[in-house]
Amino acid sequence: MTPRLSVVVPFYNVAEYIAECLESLRRQTFDDFEVILVDDGSLDATAQIAEDYCRIDPRFQLVAQDNQGLGPARNTGVRHSDGEYITFVDSDDLVPRHAFEMMVHSLDETGSSFAAAGARRFDDYGSWGSWLHGKIFAANRPATHVVEYYQLAIDRMVWNKVFRRSFWDEFGYEFPAIRYEDYPVTLKAYLDAVTVDIVAQPNYYWRERTSGDSITQQRAEFTNLCDRIRSADMVLNLVEELPAYLRDTVHMHLAQVDMVTLVDAFGELPEEDCARLARIAQRFAERIDKGPAARSSYLGRVQHNALRTGDIELLRAVAEIRRDGALNAVRAERSQVPWRRHELVPPNLGGQSRALFRLPGRAPYAASTTVTDLDWATDSGGATELIVRGTAEIRHLQIDGTSKLRMVLEANGVEVPLPVERFPAYDSHGDRNLVGYAVRVPHSMLAGIPARNEPATLRATITQGHVKRTTVLRNVGPGNPSMPPGAWINGGSWLQPLPAPDNRLLLRHIADPARLTSAAVRDGIIVLEGMLPPESGELSLTRTWACDKLADCEIVPGDTEDRFVARVPVSDLAQTDDPDDPVTGRTVWRLEAGGHPVLATGLTRAVTQVVGGRLVQVSRAADNCVVVTDGPVRPIAGEIGPADGVHLITVSGQSWAPLDFPLVWRRLGDGSGADDVTCSVGAVPGGFAGFGGRWTALAEVESLIAGSPRHPHTSAAIWQLVALPPDARPYAVQPDAFLTADASITVGVRDRQLTLRPHADRVTVEVR
């Protein structure tokens with residue numbers, strides 16, 4: 001019988017990863033599929049692992065060929081497949097268990113040519129959102145088209161898609177025999193499709209190898225760069241006759257990604273390869289329109305000109321500027337000739353090249369803000385007010401005591417001025433200037449934000465000399481701002497700060513919300529108690545894939561609100577074999593009433609219990625919605641701070657299982673772990689580091705500083721706390737959600753600054 005879905009998995013020397021990939025396919029909830037494994041001339045044990053899967057699962061079949069590359073191997077897989085639908089999976093990646101079910105169901109419903117879904121990145125320690133996919137796949141869009149949703153034109157990858165086989169055959173798609181073979185095929189498919197389905201849910205996990213040996217991580221190798229240019233040429237051919245908005249979107253994307261990669265390579269390649277690359281890249285740059293190239297970044301115009309002219313000396317200089325971050329140290333100045341132009345010239349670059357850094361009009365001056373902390377306070381009259389801290393500057397200008405900063409609350413089209421304090425902080429150049437701010441939003445203004453309307457925003461106007469810029473507060477930082485606490489502002493009104501998908505800070509007023517007042521886990525039963533306003537709708541636990549009504553839920557009617565007590569057996573939720581996240585093994589349910597979130601207003605800490613060998617937790621999400629999580633038993637950080645003055649960094653939490661393996665601070669980007677700082681793990685008062693108590697991990701601040709390279713233009717060195725179990729994958733220690741909601745801690749040690757900042761999924765220390 002013909003399978004509904006064909007899954008093509010080419011492989012070459014991935015013995016370390018392929019079993020995990022194939023296991024994620026075997027466990028799919030949609031089981032009417034075949035897997036075509038294409039051995040592209042592997043020299044290691046990968047083929048043997050593939051044969052083992054073919055023996056234990058008849059849906060898997062193996063095809064062998066001489067090494068020809070990923071594109072031809074995919075084409076071979078297509079020729080050997082029979083499914084009604086077809087998809088492609090890279091042999092070192094993972095597919096969540098419900099992915100194929102969701103994608104095929106979407107195509108069955110709409111009849112679209114293909115479906116495309118969001119994706120997440122992952123490494124040896126955890127997973128995180130893919131920035132580009134998060135931008136494109138922010139919402140479900142069934143039966144759309146690239147002409148009406150033009151951001152699809154920069155969706156380069158083929159592996160997050162399920163194609164209708166009749167559509168694939170009609171247009172005769174084949175992958176070219178080069179690296180970066182995806183984009184020409186993907187873009188043409190978007191242009192050829194009648195409609196496409198956009199699925200926001202991440203249905204693909206894209207591995208970032210800590211070994212750095214994947215194709216996309218070998219960007220500066222000469223033949224790799226040649227293939228990148230050939231791929232870009234094919235893409236440029238496709239958009240040659242398209243409407244200007246689509247053409248500019250693709251040209252801008254190639255300038256931001258591929259052109260930058262080519263320029264960076266001139267800082268790494270040997271001299272003979274630089275000369276060859278300059279000739280090839282010159283033809284590519286001549287095809288990129290000047291407008292999108294110049295708008296792609298501050299260096300866009302310079303990079304484009306350097307590639308077009310084949311100026312190797314300038315290309316090397318720009319590559320060095322980008323590598324060292326030297327442009328961040330440059331302050332923009334007005335040049336006298338020509339009038340009304342500005343110079344943004346890195347050090348030691350002069351001569352004729354200097355003119356390239358003269359930008360017209362307002363170009364180099366852009367407002368930039370960050371949000372680093374949010375806190376609630378009580379004013380002199382006992383009323384609640386919100387305090388927001390961060391930085392506000394005009395990029396490339398020195399913000400000094402002559403500058404001015406005005407803040408307003410913007411709600412429902414009305415702007416109200418706010419009191420603001422200013423203080424020195426690190427700016428985007430790595431210098432301490434008068435860019436820090438603390439703005440207070442009084443209770444009266446918070447209460448005046450209309451409920452059930454668009455959220456309010458905060459807007460900053462910065463003036464330095466003759467330059468004045470206005471922008472909304474955005475760039476919500478990790479830690480406290482990414483999971484901010486909310487507060488009651490009136491008897492029945494809740495004010496919730498939250499980060500928007502585009503990283504703006506929003507203030508949402510929620511009148512009389514459904515809310516949780518207490519939670520407990522007893523004898524394998526999760527007990528949830530709270531209040532429901534009238535007409536809230538039925539309570540449910542909503543998972544990514546499904547919505548389950550709470551069967552055992554007692555509702556006690558009241559005069560103005562109903563009280564609920566819901567009892568959920570952990571056995572109904574435990575997902576040992578069916579996690580949402582195949583990397584962390586965790587599954588998350590949101591508590592909702594009538595499709596709207598129930599707020600965790602009554603929780604001050606997570607409620608956690610080990611049940612049946614799984615860690616079950618009642619906690620909160622970034623929007624303060626109640627979430628119930630189920631996952632493997634692992635240490636979770638509940639406290640972090642300096643100790644022994646500032647000589648030690650301490651992290652502690654509750655222990656549910658023996659903690660008999662090392663915890664280390666590992667610097668981001670250090671795949672080898674060569675610079676690890678090992679923690680001293682032991683007991684804290686009231687418990688012990690073995691089981692049933694609390695654990696604490698201590699590390700010397702001096703060791704973290706010594707392992708943090710220092711350069712005047714580079715960003716902070718970031719360390720993450722990593723667990724190294726002997727018989728399992730290393731993983732990043734997660735912070736408790738309520739620890740993340742606390743403000744980050746910054747301490748000074750001599751002339752260095754350390755910031756202890758929990759991320760949503762990692763505990764980190766930033767060293768500047």
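Procedures and definitions
Residues numbered from 1 in each chain as written. Predicted model: local features only at pLDDT ≥ 70, side-chain atom pairs only at ≥ 80, totals over all residues. Heavy atoms only, no water. Helix = DSSP H or I, 4+ residues; strand = E, 2+ residues; numbered from the N terminus. Buried < 20%, exposed > 50% of the residue type's maximum accessible area, 1.4 Å probe, protein only. Contact = heavy atoms within 4.5 Å. Areas by Shrake-Rupley, 256 points an atom, 1.4 Å probe, with all protein chains shown as cover. Pairing = 2+ DSSP bridges. Axes fitted to C-alpha atoms, helices over the stretch in contact; angles between N-to-C directions. Salt bridge = Lys/Arg side-chain N within 4 Å of Asp/Glu carboxyl O. Lys, Arg positive; Asp, Glu negative; His and termini not counted. Polar contact = N/O pair within 3.5 Å; in protein donor to acceptor, adjacent residues only side chain to side chain. Patch = residues over 30% accessible without salt bridge, like charges linked within 9 Å, V, L, I, M, F, W, Y side chains within 5 Å. Phe/Tyr/Trp six-rings, centres within 6.5 Å; stacked < 30°, edge-to-face > 60°. Lys NZ or Arg CZ within 6 Å of the ring centre and 35° of its normal. Core = buried A, V, L, I, M, F, W, Y, C linked by side-chain atoms within 4.5 Å. Expected span 1.5 Å × (residues − 1). Arc of directions from axis to C-beta. pLDDT = per-residue confidence, 0-100. Parallel < 35°, antiparallel > 145°, perpendicular 65-115°, else oblique. Left-handed = near helix turned anticlockwise from the far one by under 90°. Nonpolar A, V, L, I, M, F, W, Y, C, P; charged D, E, K, R; others polar.

## Considering the overall build of the protein
Here's step 1: Helix and strand content of the protein: 17 helices and 47 strands.
Here's step 2: Looking at the protein as a whole, 55% of its 768 residues qualify as buried.
Here's step 3: Taking the intrachain contacts of the protein between residues at least 6 apart in sequence as the baseline, contacts between residues at least 24 apart amount to 68%.
Here's step 4: For the protein, the accessible surface area stands at approximately 32,000 Å², while carbon and sulfur atoms represent 49% of it.

## Some details on the sheet that holds strand β13 (residues 367-378)
Here's step 1: Strand order in the open sheet made by the four strands is β13-β14-β18-β17, with antiparallel pairing throughout. The open sheet is flanked by β13 and β17 (420-426), the only strands paired with a single partner. Sheet twist, expressed as the mean angle between neighbouring strand axes with direction ignored, is 25 degrees.
Here's step 2: Of the pairings in the sheet, the one linking β13 to strand β14 (residues 384-394) comprises eleven bridges and is antiparallel in character. Looking at β14, one finds that Ser368 is bridged to Glu393.

## Description of the pattern of salt bridges
Here's step 1: In total, this model carries 43 salt bridges according to the counting rule given.
Here's step 2: Note that Asp233 is salt-bridged to Arg287, the shortest N-O span being 3.5 Å. Here Arg287 lies in helix α10 (residues 271-287) and Asp233 lies in helix α8 (residues 222-239), a separation of 54 residues in the sequence.
Here's step 3: Overall, Arg287 belongs to the partly exposed group, its relative accessible area being 25%.
Here's step 4: Taking the shortest distance from any N to any O, the salt bridge between Glu410 and Arg459 comes out at 2.9 Å. Taken together, the positions of Glu410 in strand β15 (residues 404-411) and Arg459 in strand β19 (residues 456-464) put the pair 49 residues apart, joining distant regions of the chain.
Here's step 5: In the salt-bridge network here, residues are joined through shared partners; they are Asp233, Glu240, Arg247, Arg287 and Asp289.

## Remarks on the side chain of Arg164
Here's step 1: By secondary structure assignment, the location of Arg164 is in strand β8 (residues 161-164).
Here's step 2: Glu84 provides the closest opposite charge to the buried, salt-bridge-free Arg164, at an N-O distance of 4.4 Å.
Here's step 3: Setting aside residues up to four positions removed in sequence, Arg164 forms contacts with Glu84, Tyr85, Leu107, Gly111, Ser112, Ser113 and Phe114.

## A few points about the side chain of Asp155
Here's step 1: The topology assignment puts Asp155 in the loop between β7 (141-144) and β8.
Here's step 2: Assessed through its relative accessible area of 1%, Asp155 is described here as buried.
Here's step 3: Here Lys161 takes part through its side chain, which lies 2.7 Å from a polar atom of the side chain of Asp155.
Here's step 4: A polar contact is formed between the side chain of Asp155 and the side chain of Tyr190, at a distance of 2.6 Å.
Here's step 5: Asp155 has contacts with Ala116, His133, Ile136, Phe137, Asn160, Lys161, Tyr183, Thr186 and Tyr190, leaving out every residue within four places of it along the chain.

## Some words on a nonpolar patch on the surface
Here's step 1: There is a patch of nonpolar side chains on the surface, built from Val147, Tyr150 and Tyr245 and spanning about 270 Å² of accessible area.
Here's step 2: With respect to the helices and strands, the residue Tyr150 is situated in the loop between β7 and β8.
Here's step 3: For Tyr150, a relative accessible area of 37% gives the class partly exposed.

## Looking at the environment of Ala119
Here's step 1: Within the secondary structure layout, Ala119 lies in strand β5 (residues 114-122).
Here's step 2: Residue class for Ala119 comes out buried when judged on its relative accessible area of 6%.
Here's step 3: Separated by 81 residues in sequence, Ala119 and Ala200 place their C-alpha atoms 8.8 Å apart.
Here's step 4: The residues touching Ala119, leaving out its near neighbours within four places in the chain, are Ser130, His133, Trp159, Pro202 and Tyr204.

## A few points about the packing of aromatic side chains
Here's step 1: Counted according to the given criterion, the structure contains 19 aromatic pairs.
Here's step 2: For the ring pair Phe122 and Tyr205, a centre distance of 6.5 Å and an interplane angle of 55 degrees mean the geometry is tilted. With Phe122 in strand β5 and Tyr205 in strand β9 (residues 196-207), this residue pair connects regions lying 83 residues apart in the sequence.
Here's step 3: Owing to a relative accessible area of 5%, Tyr205 belongs among the buried residues under this scheme.
Here's step 4: When the ring centre of Tyr426 is taken as origin, the NZ or CZ atom of Arg432, which lies over that ring, is 5.2 Å away.
Here's step 5: The ring of Trp719 carries Arg667 above its face, with NZ or CZ at 5.8 Å from the centroid.

## Here we look at the nonpolar core
Here's step 1: Counting 63 residues, the largest nonpolar core has Phe88, Phe163, Tyr190 and Leu277 as its most contacted members.
Here's step 2: Setting aside residues up to four positions removed in sequence, Phe163 forms contacts with Glu84, Tyr85, Ile86, Phe88, Ser113, Phe114, Val158, Trp168 and Ala189.
Here's step 3: With 37 residues, the next largest nonpolar core counts Ile18, Leu22, Val162 and Val199 among its residues.

## Focus: helix α4 (residues 99-110)
Here's step 1: The terminal C-alpha atoms of α4, which comprises twelve residues, lie 17 Å apart, in line with the 16 Å expected from a rise of 1.5 Å per residue.
Here's step 2: Buried within α4 we find Ala99, Phe100, Met103, Val104, Ser106 and Leu107. Projected onto a plane normal to the axis of α4, the buried residues spread over an arc of 155 degrees and lie on a single side.
Here's step 3: Here the buried face of α4 lies against β1 (5-11), α1 (18-26), β4 (85-88), β5, β8 and β9.
Here's step 4: Once α4 finishes, Gly111 follows within two positions and takes phi at roughly 75 degrees, a positive value.

## Focus: the environment of Val441
Here's step 1: When you line up the elements, Val441 lands in strand β18 (residues 432-441).
Here's step 2: What Val441 contacts, discounting residues up to four positions off in sequence, is Glu385, Leu386, Leu409, Leu418, Leu446 and Leu458.

## Regarding the confidence of the model for the protein
Here's step 1: With 89% of its residues at a pLDDT of at least 70, the protein reaches an overall mean of 87.
Here's step 2: Segment residues 685-691 is flagged for pLDDT under 50; beyond a separation of four residues in sequence, or across chains, it makes 21 contacts in the model.

## Points about the packing of helix α7 (residues 182-192) against α8
Here's step 1: At a closest axis distance of 8 Å, the pairing of α7 and α8 adopts a crossing angle of 15 degrees. In terms of axis orientation, α7 runs roughly parallel to α8. Considering how the two elements wind past one another, α7 and α8 form a crossing that is right-handed. Residues Tyr183, Pro184, Leu187, Lys188 and Leu191 of α7 touch α8, and the partners they reach there are Ser231, Met234, Val235, Leu238 and Val239.
Here's step 2: Each residue belonging to the contact of α7 with α8 can be placed in one class, and the counts come to eight nonpolar, one polar and one charged.

## Notes on helix α3 (residues 70-79)
Here's step 1: With eight of ten residues buried, α3 is to be regarded as a mostly interior element.
Here's step 2: Gly71, Pro72, Ala73, Arg74, Asn75, Thr76, Gly77 and Val78 are the residues of α3 that are buried.
Here's step 3: At its buried positions, α3 is contacted by β1, β2 (33-40), β3 (60-65), β4, α6 (165-171) and α7.

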